[in-house]
Amino acid sequence: MSASPQAQAPAKATGFKFPFWAQIVTGLVLGVLFGWLARSQDISWLKTTLEQVGDIFVQLLKLAVAPLVFFAILVSITNLRKVNNAARLASRTLLWFMITSLIAVGIGLAIGLLTDPGAGTGLTPADGKEPKKTGSWIDFLTGIVPKDIVTPFTELNVLQIVFLAAVAGIAALQLGSKAQPVLNLAESVLELLQKALWWVIRLAPIGTVGLIGTAIASYGWDLIGKYATFTADVYIGSALVMFGVYPLLLAFVAKVNPLQFYKGAWPAIQLAFVSRSSVGTMPVTQKVTERLGVPKEYASFAVPFGATTKMDGCAAIYPALAAIFIANIFDVQLGIKEYLLIAFVSVVGSAATAGLTGATVMLTLTLSTLGLPLAGVGLLMAIDPILDMMRTATNVAGQAVVPVLVSAREGILDKEAYAAASSSPLDESAPADRTPVVAAA
């Protein structure tokens with residue numbers, strides 16, 4: 001008598017599984033502990049080790065940024081031909097990017113006006129210094145078009161890389177079947193890059209120890225004391241957007257369960273908090289967005305587009321608060337005109353942040369538009385790594401929210417997949433034939 005199917009099935013392993021989110025939390029705790037130990041006991045070798053571990057992790061992420069952005073944008077544009085009403089989806093995506101940015105900058109301005117974050121810090125204009133890298137509208141507009149093809153990749157100018165990829169993608173659409181061999185190659189290269197970047201992402205818990213440990217060892221808690229109000233403002237403003245505005249939009253605009261969104265999107269949000277890079281987090285953001293029921297062809301456009309332009313944390317909340325902070329220090333009065341300019345810059349100029357670690361270019365663009373001293377940027381550089389974690393987490397949450405909103409409004413969201421999205425994609429072994437993260441099936 002043949003054995004039953006149940007008897008023939010191999011037994012599943014029941015060993016303990018340490019989930020990825022728990023690995024990240026463990027890395028955060030160890031980073032704080034080692035950082036405090038290195039600072040309090042003046043252990044130079046430990047501080048150096050933490051710094052090197054963090055730098056290596058960030059550098060590994062940056063290695064993939066230039067080719068990843070180019071091929072992701074190229075493939076995402078060409079994938080739009082597989083989507084019905086592609087132009088409508090693209091325009092609705094951009095519209096919701098703008099709406100959520102306006103809401104975020106409004107929250108940043110309101111918190112800044114209520115708290116006066118620069119008052120009582122003891123800082124003076126003499127404590128600031130002009131940044132090495134600045135942004136202006138002329139630089140922003142003229143800097144979109146590269147002088148050659150190589151420099152944007154060697155200097156990691158993401159905005160110019162996006163421009164090149166967009167031109168190539170549109171040209172490929174115009175050529176049609178003649179461009180198919182190039183598109184096949186692009187999808188294969190993109191899959192290769194995604195695979196390599198997943199290996200780097202798996203190192204995030206170790207990178208977390210180095211990055212958090214370096215921040216604590218270098219700055220300690222004394223520095224945060226001077227910036228206590230400003231730091232709290234950035235974190236509170238980001239939290240209000242991430243856990244207040246987004247859930248309301250999901251509940252009343254998309255008409256889906258907001259808690260379910262965070263169950264599905266949390267792996268991307270936590271990685272963004274650690275890596276401080278929207279582009280570095282993009283493969284995870286892409287995967288969780290698809291798991292939340294957003295069609296792959298649309299997600300492969302919306303997520304790369306958002307990773308380079310959708311910055312509610314870095315380009316809306318932070319510049320609004322920073323402008324008020326710097327105005328307090330330099331004793332400059334801001335009026336309705338200046339607040340409207342801050343909102344305008346946040347919506348139109350957010351692409352200047354380009355999804356990379358830090359928001360210095362966006363801040364200098366805002367300050368130059370307002371006529372505030374660029375030396376004020378130097379007042380915030382020391383505290384920037386601590387602020388950037390929460391800013392980037394907010395960025396990435398928004399980059400996943402908007403595709404869900406648009407898909408739900410257009411009736412293309414898979415509600416069953418949305419309801420089932422709960423586990424971290426990093427905790428599951430992918431089958432051999434899994435579709436690439438960004439390339440469409």
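Residues numbered from 1 in each chain as written. Predicted model: local features only at pLDDT ≥ 70, side-chain atom pairs only at ≥ 80, totals over all residues. Heavy atoms only, no water.

Trainee: Kindly report on the overall build of the chain, identifying the contributing residues and their values.
Mentor: When helices and strands are tallied, the chain shows 20 helices and zero strands. The contacts in the chain between residues at least 6 apart in sequence include a share of 85% that link residues at least 24 apart. Only carbon and sulfur atoms are counted for the fraction: they give 64% of the accessible area of the chain, which is about 19,500 Å². (Helix = DSSP H or I, 4+ residues; strand = E, 2+ residues; numbered from the N terminus. Contact = heavy atoms within 4.5 Å. Areas by Shrake-Rupley, 256 points an atom, 1.4 Å probe, with all protein chains shown as cover.)

Trainee: Account for the packing of aromatic side chains, with residues named and values stated.
Mentor: Here the structure, examined in full by the defined rule, presents nine aromatic pairs. When the centroid spacing of 4.9 Å and the interplanar angle of 45° are considered together, the rings of phenylalanine 230 and phenylalanine 325 count as tilted. Of this pair, phenylalanine 230 sits in helix 11 (residues 228-252) while phenylalanine 325 is found in helix 15 (residues 313-329), placing the two residues 95 residues apart along the sequence. Each member of the pair, phenylalanine 230 as well as phenylalanine 325, carries the same accessibility label: buried. Between phenylalanine 261 and tyrosine 262 the ring centres are 5.1 Å apart and the planes differ by 85°, which places this aromatic pair in the edge-to-face class. Across the pair, exposure class does not vary: phenylalanine 261 and tyrosine 262 are buried alike. (Phe/Tyr/Trp six-rings, centres within 6.5 Å; stacked < 30°, edge-to-face > 60°. Buried < 20%, exposed > 50% of the residue type's maximum accessible area, 1.4 Å probe, protein only.)

Trainee: An account of the packing of helix 4 (residues 86-115) against helix 15 is requested, with residue identities and associated values reported.
Mentor: For the pair helix 4 and helix 15, interaxial distance at closest approach is 7 Å and the crossing angle is 30°. Regarding the angle of helix 4 to helix 15, the classification is roughly parallel. For the pair helix 4 and helix 15, the crossing hand works out as right-handed. On the side of helix 4, the interface is formed by Ser101, Ala104, Val105, Gly108, Leu109, Ile111, Gly112 and Leu113, while helix 15 contributes Ala316, Ile317, Ala320, Leu321 and Ile324. Broken down by class, the residue content of the contact of helix 4 with helix 15 amounts to 10 nonpolar, three polar and no charged. (Axes fitted to C-alpha atoms, helices over the stretch in contact; angles between N-to-C directions. Parallel < 35°, antiparallel > 145°, perpendicular 65-115°, else oblique. Left-handed = near helix turned anticlockwise from the far one by under 90°. Nonpolar A, V, L, I, M, F, W, Y, C, P; charged D, E, K, R; others polar.)

Trainee: Quick rundown of helix 3 (residues 44-79)? Include the residues and the values.
Mentor: Over its 36 residues, helix 3 runs 51 Å from end to end, which matches the ideal 52 Å to within 8%, given 1.5 Å per residue. The largest bend in helix 3 is about 40°, located at valine 65, with the proline proline 67 one to four residues further on. (Expected span 1.5 Å × (residues − 1). Bend = angle between axes of the 7 residues up to and from the residue.)

Trainee: If you had to explain the confidence of the model for the chain to someone new, which residues and values would you point to?
Mentor: Scored by pLDDT, the chain comes out at a mean of 82, with 83% of its residues at no less than 70. For the chain, the element scoring lowest by mean pLDDT is helix 1 (residues 5-8), at 46; helix 11 scores highest, at 95. Scored below 50 in pLDDT, residues 1-15 shows one contact in the model against residues more than four places distant or in partner chains. Contacts from residues 428-441, a stretch scored under 50 in pLDDT, to residues over four places away or in other chains number 35 contacts. (pLDDT = per-residue confidence, 0-100.)

Trainee: Give a description of unusual backbone geometry that names residues and reports values.
Mentor: Although it is not a glycine, lysine 255 adopts a positive phi angle of roughly 60°. On the secondary structure map, lysine 255 appears in the loop between helix 11 and helix 12 (258-275). Judged by relative accessible area, lysine 255 falls into the exposed class, the value being 63%. For aspartate 331, which is not a glycine, the phi torsion comes out positive at approximately 55°. Of the residues examined, aspartate 331 reaches a relative accessible area of 64% and is grouped as exposed.

Trainee: An account of the pattern of salt bridges is needed here, citing residue identities and associated values.
Mentor: Enumeration according to the criterion identifies seven salt bridges in this entry. Among the salt bridges present, the one from lysine 310 reaches aspartate 312, with a minimum N-O distance of 2.9 Å. For arginine 391, the salt bridge is made with aspartate 388, and the minimal N-O distance between the two is 2.7 Å. With arginine 391 and aspartate 388 both in helix 19 (residues 384-410) and three residues apart, the pair spans about one turn of that helix. One salt-bridge network, in which partners are shared between bridges, spans Arg276, Asp384, Asp388 and Arg391. (Salt bridge = Lys/Arg side-chain N within 4 Å of Asp/Glu carboxyl O.)

Trainee: Which residues make up the nonpolar core, and what are the values?
Mentor: Ranked by size, the top nonpolar core spans 76 residues in total, and within it Phe230, Phe261, Phe325 and Leu380 carry the most contacts. Here phenylalanine 230 is in contact with Pro117, Tyr318, Leu321, Ala322, Phe325, Leu380 and Leu387, once residues within four sequence places are set aside. Counting residues in hydrophobic clusters, the runner-up holds 43 residues, among them Ala64, Ala186, Ile201 and Val396. (Core = buried A, V, L, I, M, F, W, Y, C linked by side-chain atoms within 4.5 Å.)

Trainee: Can you explain the side chain of arginine 276? Please cite residues and give values.
Mentor: Locating arginine 276 in the fold gives a position in the loop between helix 12 and helix 13 (278-291). In terms of polar contacts, arginine 276 uses its side chain to reach the side chain of aspartate 388, at 3.2 Å. (Polar contact = N/O pair within 3.5 Å; in protein donor to acceptor, adjacent residues only side chain to side chain.)

Trainee: Please set out the side chain of threonine 78 residue by residue, giving values where relevant.
Mentor: Note that threonine 78 resides in helix 3. Not counting chain neighbours up to four residues away, the residues in contact with threonine 78 comprise Gly169, Ala172, Leu173 and Leu183.

Trainee: Could you give an account of the environment of valine 241, with specific residues and numbers?
Mentor: Considering the arrangement of structural elements, one finds valine 241 in helix 11. Residue class for valine 241 comes out buried when judged on its relative accessible area of 1%. Sequence separation between valine 241 and alanine 397 is 156 residues, and the spatial gap between their C-alpha atoms is 9.5 Å. Among all residues touching valine 241, those that are not within four sequence positions of it are Ala104, Ile107, Tyr246, Pro247, Ile317 and Thr394.

Trainee: Go over the packing of helix 11 against helix 12, please, and point to the residues and values.
Mentor: Contact geometry for helix 11 and helix 12: axes closest at 11 Å, N-to-C directions at 145°. Relative to helix 12, helix 11 is oriented so that their crossing is right-handed. From helix 11, Tyr235, Met242, Phe243, Tyr246, Pro247, Leu250 and Ala251 reach across to helix 12, where they touch Pro258, Phe261, Tyr262, Trp266, Ile269 and Phe273. The residue makeup of the contact of helix 11 with helix 12, split by class, is 13 nonpolar, no polar and no charged.

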